[in-house]
Amino acid sequence: QLQASGGGLVQAGGSLRLSCVLSGGTFSRYTMSWFRQPPGKEREFVAAIKLAGGNTDYADSVKGRFTISRDNAKSTVALQMNSLKPEDTAVYYCAASATIIRSSWYGVDGYNYWGQGTQVTVSS
């Protein structure tokens, strides 16, 4: 199971840090990702991290502003979000898969496990 936390309301230019804890699995085996779903839109890829963190990728819209990291000892993945914009407003979901290949990171279908979502609202 995945449990996400850390969402909230922030002004444009501010920062938030999301966390997601995996329980019931060998965390180090999983590729961990963040997706988001803006109001009225489809869920979209934000960032992914594999294994010890040397292998990451980001959506173009968040590159240079968001950083994904993981702590295998704590079974936790984090998303540090800086320089937030109103268009970052969305429900953010963490996702996990032990078998996904890199080319499938960017779509929702490759992930076995999803967190419950946490709301991020950025005011202008």
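Structure's up top.
Since the model is a prediction, treat every value here as computed from it, not as a measurement.

Quick notes on the rules
Residues numbered from 1 in each chain as written. Predicted model: local features only at pLDDT ≥ 70, side-chain atom pairs only at ≥ 80, totals over all residues. Heavy atoms only, no water. Core = buried A, V, L, I, M, F, W, Y, C linked by side-chain atoms within 4.5 Å. Buried < 20%, exposed > 50% of the residue type's maximum accessible area, 1.4 Å probe, protein only. Helix = DSSP H or I, 4+ residues; strand = E, 2+ residues; numbered from the N terminus. Contact = heavy atoms within 4.5 Å. Pairing = 2+ DSSP bridges. Axes fitted to C-alpha atoms, helices over the stretch in contact; angles between N-to-C directions. Phe/Tyr/Trp six-rings, centres within 6.5 Å; stacked < 30°, edge-to-face > 60°. Lys NZ or Arg CZ within 6 Å of the ring centre and 35° of its normal. Salt bridge = Lys/Arg side-chain N within 4 Å of Asp/Glu carboxyl O.

J.: It is not clear to me how the nonpolar core should be interpreted in this structure. Could you clarify?
T.: The nonpolar side chains of a soluble globular protein tend to be buried with one another. Grouped together as the largest cluster of nonpolar side chains are 36 residues, with contacts concentrated most on W34, L79, M81 and Y92. Broken down by secondary-structure element, the contributors of at least two residues to this core are β1 (2-5), β3 (16-22), β4 (31-37), β5 (44-50), β7 (66-71), β8 (76-81), β9 (90-97) and β11 (118-123). Excluding residues within four positions of it along the chain, Y92 makes contact with L18, W34, F35, R36, V46, F66, L79, M81, G117, T118 and V120.

J.: Would you mind showing me how to read the sheet that holds β8 here?
T.: Strand pairing in a sheet takes place through backbone hydrogen bonds and is either antiparallel or parallel in direction. One open sheet holds the 4 strands; their spatial order is β1-β3-β8-β7, and the pairing between them is antiparallel. Looking at the sheet topology across the chains shown, the edges are occupied by β1 and β7. With direction set aside, neighbouring strand axes in the sheet form an average angle of 15°. Inspection of the sheet shows β7 paired to β8 by 6 bridges, in the antiparallel sense. The residue bridging R70 from the neighbouring strand is V77, located in β8.

J.: Would you mind going over the packing of aromatic side chains with me for this structure?
T.: By the definition in use, this model includes 7 aromatic pairs. With a centroid separation of 5.3 Å and an interplanar angle of 80°, the aromatic rings of F35 and Y111 are classed as edge-to-face. Remark: Y111 occurs in the loop between β9 and β10 (113-114) and F35 occurs in strand β4; sequence separation between them is 76 residues. Consider the rings of Y111 and W114, whose centres lie 5.9 Å apart with planes at 65°: the pair is edge-to-face. Here a set of aromatic residues connected by ring pairs shows up, and it is made of F35, F45, W105, Y106, Y111 and W114. R43 extends its terminal NZ or CZ atom over the ring of Y93, reaching a point 3.6 Å from the ring centre. The positively charged end of R43 is found above the aromatic ring belonging to W114, 4.9 Å away from the centroid.

J.: Hey, could you run me through the pattern of salt bridges in this one?
T.: Any two side chains of opposite charge can pair, on the condition that their charged atoms come close. Per the stated rule, a full pass over the model turns up 5 salt bridges. Salt-bridge contacts for R36 lead to D88; the nearest nitrogen and oxygen are separated by 2.9 Å. One end of the pair, R36, is in strand β4; the other, D88, is in the loop between β8 and β9, and 52 residues separate them in sequence. With a relative accessible area of 5%, R36 lands in the buried category. Assessed through its relative accessible area of 1%, D88 is described here as buried.

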